[in-house]
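Structural features, examined
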Amino acid sequence: MVKLEEGVAGLQEQVRLMRERLKAARRLVEVKADVEYLKQHNAPRPKGRPAGQGEVDDHQSEGQSESAGLTRKDQVVQLLGQQPERHWKAAEIAELLEIDNLKSLRTSLDEFARSGLIRKNLDDKSYQAVPVQ
């Protein structure tokens, strides 16, 4: 049992390191996109434009997120629905959905819970998918 727990701890550490590397790689892509845009247009890249987006994408509908066009609400419901029995902490959700503003996410999660899209567990302040009936 101890070896299994050590193995799980090792895997969790590997996942943490991979997430750090992925985050650093994404930052690098953003910086590279900033430099390329600056070289090409002699002006800073507009805020809110994801790296790799060309001029054609300027006409996307507002509110469309980087994650395949899903809203934050859709992303949260989809994530929680993948493991409906799991109790998700807001920080875990933020990390997986790459949301930097944890306070804003908590506000959204509370709003989603009040509207019945997800369930908030008051005892441990975690969130769950609403059971399908």
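Above this note sits the structure.
For clarity, every value in this text was computed on a predicted model and none was experimentally measured.

1. Focus: the overall build of the protein
Helix and strand counts for the protein come out as 4 helices and 2 strands. Traced from its N-terminal end to its C-terminal end, the protein shows the element sequence α-α-α-α-β-β. For the protein, buried positions account for 18% of its 133 residues. Taking all contacts inside the protein whose residues are at least 6 apart in sequence as the whole, residues at least 24 apart take part in 36%. In the structure as shown, the protein presents an accessible area of about 10300 Å², 54% of it carried by carbon and sulfur atoms.

2. Quick word on helix α4 (residues 102–114)
Side chains that are three or four residues apart share a direction in an α-helix, a result of its 3.6 residues per turn. Relative to the 18 Å expected for 13 residues at 1.5 Å per residue, α4 spans 18 Å between its end C-alpha atoms, a close match to the ideal helical length. In this structure, the buried residues of α4 make contact with α2 (72–82), α3 (90–97), β1 (118–121) and β2 (126–129). One side-chain oxygen at the N-terminal end of α4 lies 3.3 Å from the backbone nitrogen of Lys103; it belongs to Asn101. Backbone geometry just downstream of α4 places Gly116 in the positive-phi region, at approximately 90°.

3. Here we look at the pairing of β1
With 4 bridges joining them, β1 and β2 adopt antiparallel strand pairing. Paired with Lys120 across the bridge in β2 is Tyr127. In sequence, β1 turns back onto β2 through a hairpin of 4 residues, with Lys125 there showing a positive phi of about 55°.

4. Overview of the environment of Asp124
Note on placement: Asp124 falls in the loop between β1 and β2. Looking at Asp124, its side chain comes within polar contact range of the side chain of Ser126, at 2.6 Å.

5. Quick word on the nonpolar core
In terms of nonpolar packing, the biggest core is built from 14 residues, with Val76, Leu80, Ile93, Leu105, Leu109, Ile118 and Tyr127 touching the most fellow members. Counting only elements with at least two residues in this core, the list comes to α2, α3, α4 and β2. With residues up to four places along the chain from it excluded, the contact list for Ile118 reads Val76, Val77, Leu80, Leu109, Phe112, Ala113, Tyr127, Gln128 and Val130.

6. Some thoughts on the pattern of salt bridges
Under the criterion given, the structure shown has 6 salt bridges. Ionic pairing is found between Glu13 and Arg16, a salt bridge with its closest N-O pair at 2.5 Å. Here Glu13 and its partner Arg16 are both found in helix α1 (residues 2–41), 3 residues apart, which amounts to about one turn of the helix. One salt bridge in this structure joins Arg26 and Glu98, with 1.8 Å as the shortest N-O distance. Residue Arg26 is located in helix α1, and its partner Glu98 is located in the loop between α3 and α4; the two are separated by 72 residues in the primary sequence. Judged by its relative accessible area of 44%, Glu98 is partly exposed. Each of Glu13, Arg16 and Glu20 takes part in a single network of salt bridges with overlapping partners.

Cut-offs and rules
Residues numbered from 1 in each chain as written. Predicted model: local features only at pLDDT ≥ 70, side-chain atom pairs only at ≥ 80, totals over all residues. Heavy atoms only, no water. Helix = DSSP H or I, 4+ residues; strand = E, 2+ residues; numbered from the N terminus. Buried < 20%, exposed > 50% of the residue type's maximum accessible area, 1.4 Å probe, protein only. Contact = heavy atoms within 4.5 Å. Areas by Shrake-Rupley, 256 points an atom, 1.4 Å probe, with all protein chains shown as cover. Expected span 1.5 Å × (residues − 1). Polar contact = N/O pair within 3.5 Å; in protein donor to acceptor, adjacent residues only side chain to side chain. Pairing = 2+ DSSP bridges. Core = buried A, V, L, I, M, F, W, Y, C linked by side-chain atoms within 4.5 Å. Salt bridge = Lys/Arg side-chain N within 4 Å of Asp/Glu carboxyl O.

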